[in-house]
Amino acid sequence: MYVVAGATGNTGSVVAEHLLAKARPVTVITRSEEKGRAWASKGAKVAVGALEDSESLTRILEGAEGAYLLTPPNFSAPDFLTERKSIAESIARAVRDSGIPHVVLLSSIGAQHPSGTGPIVSAYISEAALEAATKNVTFIRAGYFLENWAPILPAAKENGILPTLLIPDRKIPMIATRDIGQVAAESLLNPARGRRVVELAGPQEYSPEDIAATLSTLLHRDVRVQAIPPSAGVETFRSLGFSEANARLFQEMYAAINSGFVDYERQGAELRRGTTSAEQVLKGMLGQATRAGA
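One numbering rule holds for all chains: residues counted from 1, following each sequence as written. Residue-level local features of this predicted model are given only where pLDDT is at least 70; pairs of side-chain atoms are given and counted only at 80 or more, and the full residue set underlies all totals for whole chains, interfaces and linings. Side-chain metrics rest on all non-hydrogen atoms present in the structure, leaving aside hydrogens and water.

A.B. asks: Report on the overall build of the protein chain, specifying residues and quantitative values.
C.D. replies: Strands are runs of DSSP state E lasting at least two residues, helices are runs of H or I lasting at least four, and both sets are numbered from the N terminus onward. Assigned secondary structure in the protein chain consists of 11 helices and 12 strands. Once local pairs closer than 6 in sequence are excluded, the contacts in the protein chain between residues at least 24 apart make up 75%. Of the roughly 13500 Å² of accessible surface on the protein chain, a fraction of 49% belongs to carbon and sulfur atoms. Residues counted as positive are Lys and Arg, residues counted as negative are Asp and Glu, and His and the chain ends are not counted. Here the site of a charge means NZ on Lys, CZ on Arg, CG on Asp, or CD on Glu. Charged side chains of the protein chain number 30 positive and 31 negative; the gap between the two group centres comes to 4 Å. Two residues form a contact once any of their heavy atoms are found within 4.5 Å. Accessible surface is estimated by sampling points in the Shrake-Rupley manner with a 1.4 Å probe; for residues, cover comes only from the protein chains shown.

A.B. asks: Could you give an account of the packing of aromatic side chains, with specific residues and numbers?
C.D. replies: Two aromatic rings from Phe, Tyr or Trp, using only the six-membered ring of Trp, form a pair when their centres are within 6.5 Å; if the ring planes differ by under 30 degrees the pair is stacked, by over 60 it is edge-to-face, and anything between is tilted. This model, assessed by the stated rule, comprises seven aromatic pairs. Ring centres of F80 and F250 lie 6.1 Å apart, and the angle between their planes is 80°; this geometry places the pair in the edge-to-face category. Placement of the pair is F80 in helix α4 (residues 80-98) and F250 in helix α10 (residues 244-259), with a sequence separation of 170 residues. For the residue pair F80 and F250, the accessibility class agrees, reading buried in each case. Three or more aromatic residues link up through ring pairs in this structure, and these residues are F80, Y144, W149, F237, F242, F250 and Y254. Here, a charge over a ring is recorded when the distance from Lys NZ or Arg CZ to the ring centre is within 6 Å and its angle to the ring normal is within 35 degrees. The ring centre of W39 lies 4.5 Å from the NZ or CZ of K42, which sits over that ring. For each residue, the accessible area found with a 1.4 Å probe, counting protein chains only, is set against the maximum for its type, and the residue is called buried under 20%, exposed over 50%, and partly exposed in between.

A.B. asks: Mind laying out helix α8 (residues 208-219), listing which residues take part and the relevant values?
C.D. replies: The span expected for a helix works out to 1.5 Å for each residue beyond the first. Given a rise of 1.5 Å per residue, 12 residues ought to cover 16 Å, and the 16 Å separating the end C-alpha atoms of α8 matches this to within 8%. For α8, the full list of buried residues reads P208, I211, A212, T214, L215, S216 and L219. Following α8 by one or two positions, H220 adopts a phi angle in the positive range, close to 55°.

A.B. asks: I'd love a proper account of the sheet that holds strand β12 (residues 270-273), names of residues and values included.
C.D. replies: Strand pairing follows a simple DSSP-based rule, namely that at least 2 bridges must link the two strands. Taken in spatial order, the eight strands line up as β3-β2-β1-β4-β5-β6-β10-β12 in an open sheet, and their pairing is parallel. Only two strands of the sheet have a single neighbouring strand rather than two, namely β3 (45-48) and β12. Strand after strand, the sheet turns through a mean of 25° between neighbouring axes, direction not considered. To get an axis, fit a line to the C-alpha atoms, keeping to the stretch in contact for a helix; angles then go from 0 to 180 degrees between the N-to-C directions.

A.B. asks: Which residues make up the packing of α4 against helix α5 (residues 121-133), and what values go with them?
C.D. replies: Running from N to C, α4 and α5 cross one another at 20°; their axes reach a closest spacing of 9 Å. One finds that α4 runs roughly parallel with respect to α5. Of the two possible hands of crossing, α4 and α5 adopt the one that is right-handed. Taken together, the residues of α5 that come into contact with α4 (itself represented by F80, L81, R84, K85, A88, I91, A92, V95 and R96) are V121, S122, I125, S126, A129, L130 and A133. Angle categories are assigned with fixed cut-offs, so that under 35 degrees is roughly parallel, over 145 is roughly antiparallel, 65 to 115 is roughly perpendicular, and the rest are oblique. Left-handed describes a crossing in which the near helix is turned anticlockwise from the far one by less than a right angle; the clockwise case is right-handed.

A.B. asks: Explain unusual backbone geometry to me, using residue names and the numbers behind them.
C.D. replies: Backbone geometry places A23, a non-glycine residue, at a positive phi of 65°. With respect to the helices and strands, A23 occurs in the loop between α1 (10-21) and β2 (26-30). According to the relative accessible area criterion, A23 is exposed, its value standing at 67%. Notably, H220 is not glycine yet its phi reads approximately 55°, a positive angle.

A.B. asks: Describe the side chain of E199, with residues and values.
C.D. replies: Mapped onto the fold, E199 is located in strand β10 (residues 195-201). The term salt bridge refers to a pairing of a side-chain nitrogen on Lys or Arg with a carboxyl oxygen on Asp or Glu at a separation within 4 Å. Comment: no salt bridge for buried E199; closest opposite-charge side chain is R141, at 4.1 Å. There is a polar contact of 3.1 Å between the side chain of E199 and the backbone nitrogen of R266. Those residues in contact with E199, other than ones at most four positions away along the chain, are R141, Y264, E265, R266, A269, E270, L271 and R272. Throughout this description, a polar contact denotes any pair of N or O atoms lying within 3.5 Å of each other; where both atoms belong to protein, one of them has to be capable of donating a hydrogen while the other can accept it, and for residues adjacent in sequence the pair is counted only when both atoms sit in side chains.

This is how it looks when you write it as structure tokens:
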């Protein structure tokens, strides 16, 4: 039996679907029976619990062959890193106490750094906590989610602009969440012996200008990048409802990406590339937005 956290989200749902397609028994963790009904109809077992509740999580993990775990972001938290650390410690206790033989953790490129990466520091914290709790662990260090462009698509469609804090012509690792879920599921079925780090990106690196060019083709209109100055990062995230502290964290993250500090570790890590292109992801998101507005 495999346990999957985040099954109602992008990556966890793919992990669960992949395992079920392989006829493997799956238990999904949800906060309520209602949220798990769709998975129960697909043949999964539903366990109601919370990642911050180490006792209930321990019971869920006991007897499992492996688990896909993550610390779901909560951008409205007053102190993002403190909350992430608390959840990471809860997960680590449950992994240790349950004796589960292998876990796969959703992490991030740049997680090798203990500071200077904004919210990615939470991935460093989570990796350290799990590494101390279990012998066999796979860290999926994913690149910049291609789905992160979703909130910007209306501006591209309506005004032909693509606002971003990223350097317009700098290519960085980007990845589709579907590819993350598939690699995570494969990692569960082929468990690590010891510590395994998988640095995961898409078929190629992309820049914001690449994304704009793809959108120009898909939307049949010119889309240009609108670079937001790094100094405006805090103001930008504050306008999205982030606290002052969290806005500063995210400004730090984008500065670290732009400087190249957030990048592959390479040494001791396995680089894998997904197969889903930026065009496929953007086309899918535009189609969803069109159907939602119909």
